[in-house]
Every structure is written in structure tokens, then in C-alpha cells.
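Structure at a glance
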Amino acid sequence: MTNTATTSPVVHARAPGKINVFLKVGAVMHDGYHDLATAFQAVSLYEDVRARAADDFSVAFTGSVDTSGLAVDGSNLAIKAARALARATGYTGGVHLEIDKNVPIAGGMGGGSADAAATLLACDALWGTELSREELLKIAATLGADVPFAVTGGTAIGTGRGDQLSPALAKGTFHWVLALAEFGMSTPSVYSELDRHRTRHAQDIFPVQQQPTVDANVLQALRAGDPAMLAESMHNDLQAPALQLAPGLGRVLELGEANGALAGILSGSGPTVAFLVPDVDAGLELQVALSAARLRVVRATGPVHGARILTT
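Overview of the packing of aromatic side chains
We describe a pair of aromatic rings using the distance from one ring centre to the other and the angle between the two ring planes. This structure, assessed with the given rule, holds three aromatic pairs. Centre to centre, the rings of Phe-40 and Phe-149 are 4.7 Å apart; their planes meet at 15°, and the pair counts as stacked. Of the two residues, Phe-40 sits in strand β2 (residues 34-54) while Phe-149 sits in helix α5 (residues 147-152), which places them 109 residues apart along the sequence. For Phe-40, a relative accessible area of 2% translates into the label buried. Overall, Phe-149 belongs to the buried group, its relative accessible area being 2%. Summarising the aromatic geometry, the rings of Phe-57 and Trp-127 are spaced 6.5 Å apart at their centres and angled 85° between planes, so their arrangement reads as edge-to-face. Residue Phe-57 is found in strand β3 (residues 57-63), and its partner Trp-127 is found in helix α3 (residues 111-127); the two are separated by 70 residues along the sequence. Looking at Phe-57, the relative accessible area reads 18%, which means it is buried. Residue classification places Trp-127 among the buried positions, given a relative accessible area of 10%. What links up through ring pairs into an aromatic cluster is the set Phe-57, Tyr-91 and Trp-127. The aromatic ring of Tyr-46 is capped on one face by Arg-14, whose charged end is 4.9 Å from the ring centroid.

Quick look at the structure:
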């Protein structure tokens, strides 16, 4: 019998990781979730997905990050994406996915979401299901708040759970130096710590908005392509609770800001620390300084395109 996993054509798709340059978290709601207001920027750290036709659904990983702890069963988000596309289109076959991971795992940069976004495009091309971008985005929204943005890329404002996207104008290129942690952080744990922090300090902080909004200064800085202005406006409500859970990240932030970064911010729920720098030269200098402190560092630029097919 012919093994379709080794003889079928391969479709190669790619999707970017992201940085939240701004993240406000609303009050906890009755269902335990929070409304968000965030500004996403897709950056040049990519997940590459290669898809082959198969009789069932499977995934294997390689890459520059340690993938040994990743699930390869039906709980994996890429497998969920492929199954969701099959259900939506009535496709009755399967797919074997090979994913080359470069976005940190559990790092606050949406690597799993990028896997799912690239998988949707790759399987749509492989299976000839020919969904529109809007139909793919509808499926993406069922998979998680960051998946639609990994499909669209660029710069966008996210509201609701972060999945209600509107494009944001961004001029020029922003330069980032990313300090990658050797550990991951649980997003639910960071949100729980935020809720505890707000309860503990309820007398000292302003009442939390139910439906937060993105600061106008952030939008202005992105439109102007002005890294100094953006550095002054960046904010992440999850940073304080993440630092409470992992205090060593505070030292990383201090080190970066003492070595030429305009500002540093935790991306999403962390633990990746994203440093905004004025230009390529400043990025190289900061990379050297952080590497000398034995931190794992990569440079990236944004905004970049969302998920796309590279080869079929």
C-alpha cells in the first residue's frame, strides 16, 4: 500500500510571532475571562509549517527552541486547526504536519497561534478547499484569541478577547531585541496573579475598566513610525503579575534599559522580554550586552506580513 504521507506534495506555509506593544486588561467577568485592549505587532520570528496529505492527523517538531515538551496529540493547536478546517469544509482525509519552531514556547509571543494560522493556510492549499480569507479568519477565531492576528499580521488593535481585530496604520520599521527565557509561563497563572494583585490593592488603584481601550499615544506613535514615542507609550497590565511570579525578569528589563534600549516590555503574559531600540546598530550593541550576561537573544523587526504560503 502506498504511504500518502511520504509521496504526496508538500505545502510550506509560514506565520509570524507577535509582540503586544500595549495591553490593557479589563475587570474579570462572571465567566472568569477578561476583555482586552491590545496593540499587536507581527515580527520577523517565524513558525514554518509543512503539510502532507495523510490518512489521519499527526504533527512532528524541529526548530531552534526545545520542542521536547510539546504535545503531539489532538490537544496540539496545529492539529486542532487542521481538524477544524476539515470539519468546516467536509474534507475526509488527514494531514501530517512538520513544524519548524523559532518562536519561544509559552513565551507570550503567540507561537502556538502562529502554528495554527500557518496550518490553516497550508491545509487549505493542500486539500484544495479554497476558503476565502474571511472564512479562514472565522475558523481562526474559534481556535484562540491570537490566531486571527497570526493570519493577518502587520499591526492591529485587538479588543474583546483580543480576537476582534482592526488594522492599525504603522509607518516604517521598528527594531526589537528579544530576550528569550529558558522557561515558559502559564497565561492563566499570570491572569490569576493579576486578579489577586488587583484585589490586594483595590484601595490604591483606580477602578478597572470593564472595556479597556488602547491609548491614543500608541496609535499616534505607530502611525508616525516613531520608536521613541512608542517607547514612552508601551504598557502591559500583565507585566507586574508576571514579575511577581518570576522576579528575575525584572533584572533582565533593567539590564536592557541600561544598555541602549528605548524601553523594554514583557510580550503578552511573558516571559519573553521585548526591547525596542532606535536602529540596527543599537540592536547589535544591545544583543552583545545581553549575550554577555548569558541571555539567549534574537533580533527581529516589525511589522511583517501574516501567514502566507511559501511553496506548494
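Still more to cover.
Regarding the nonpolar core
Ranked by size, the top nonpolar core spans 38 residues in total, and within it Leu-85, Val-95, Leu-97, Leu-120, Trp-127 and Leu-143 carry the most contacts. Counting residues per element, this core draws most heavily on α3, at ten residues. Those residues in contact with Leu-85, other than ones at most four positions away along the chain, are Leu-120, Cys-123, Asp-124, Trp-127, Thr-129, Leu-131, Leu-136 and Ile-139. Of all hydrophobic cores here, the second largest spans 27 residues; its members include Val-43, Leu-222, Met-234 and Ala-274.

Overview of unusual backbone geometry
Generally, phi is negative for residues other than glycine and the peptide bonds are trans, each holding for most cases. The omega torsion across Gly-270 and Pro-271 is 10°, close enough to zero to call that bond cis. Along the chain, Pro-271 turns up in the loop between β9 (263-266) and β10 (273-277). One non-glycine residue with positive phi stands out, namely Arg-294, at about 65°. Within the secondary structure, Arg-294 sits in the loop between α11 (280-292) and β11 (296-302). Overall, Arg-294 belongs to the exposed group, its relative accessible area being 80%.

Focus: the confidence of the model for the chain
In the predicted model, the chain carries a mean pLDDT of 92, and 97% of its residues have values of at least 70. For residues 1-5, every residue scores under 50 in pLDDT, and the model assigns this stretch seven contacts once sequence neighbours within four places are set aside.

Regarding the sheet that holds β9
Pairing is antiparallel in the open sheet, where four strands are placed in the order β9-β10-β7-β11. Only two strands of the sheet have a single partner each, and these edge strands are β9 and β11. Across the sheet, the mean angle from the axis of one strand to that of its neighbour is 25°, orientation sign disregarded. Here strand β7 (residues 174-180) pairs with β11 via seven bridges, running antiparallel. Looking across to β11, one finds that Phe-174 is bridged to Gly-302. On the sheet, helix α10 (residues 248-257) packs against β7, β9 and β10 and is oriented at approximately 10° with respect to β10. Packing of α11 onto the sheet brings it into contact with β7, β10 and β11, and relative to β11 it is tilted by some 160°.

Reading the values: the criteria
Residues numbered from 1 in each chain as written. Predicted model: local features only at pLDDT ≥ 70, side-chain atom pairs only at ≥ 80, totals over all residues. Heavy atoms only, no water. Phe/Tyr/Trp six-rings, centres within 6.5 Å; stacked < 30°, edge-to-face > 60°. Helix = DSSP H or I, 4+ residues; strand = E, 2+ residues; numbered from the N terminus. Buried < 20%, exposed > 50% of the residue type's maximum accessible area, 1.4 Å probe, protein only. Lys NZ or Arg CZ within 6 Å of the ring centre and 35° of its normal. Core = buried A, V, L, I, M, F, W, Y, C linked by side-chain atoms within 4.5 Å. Contact = heavy atoms within 4.5 Å. pLDDT = per-residue confidence, 0-100. Pairing = 2+ DSSP bridges. Axes fitted to C-alpha atoms, helices over the stretch in contact; angles between N-to-C directions.

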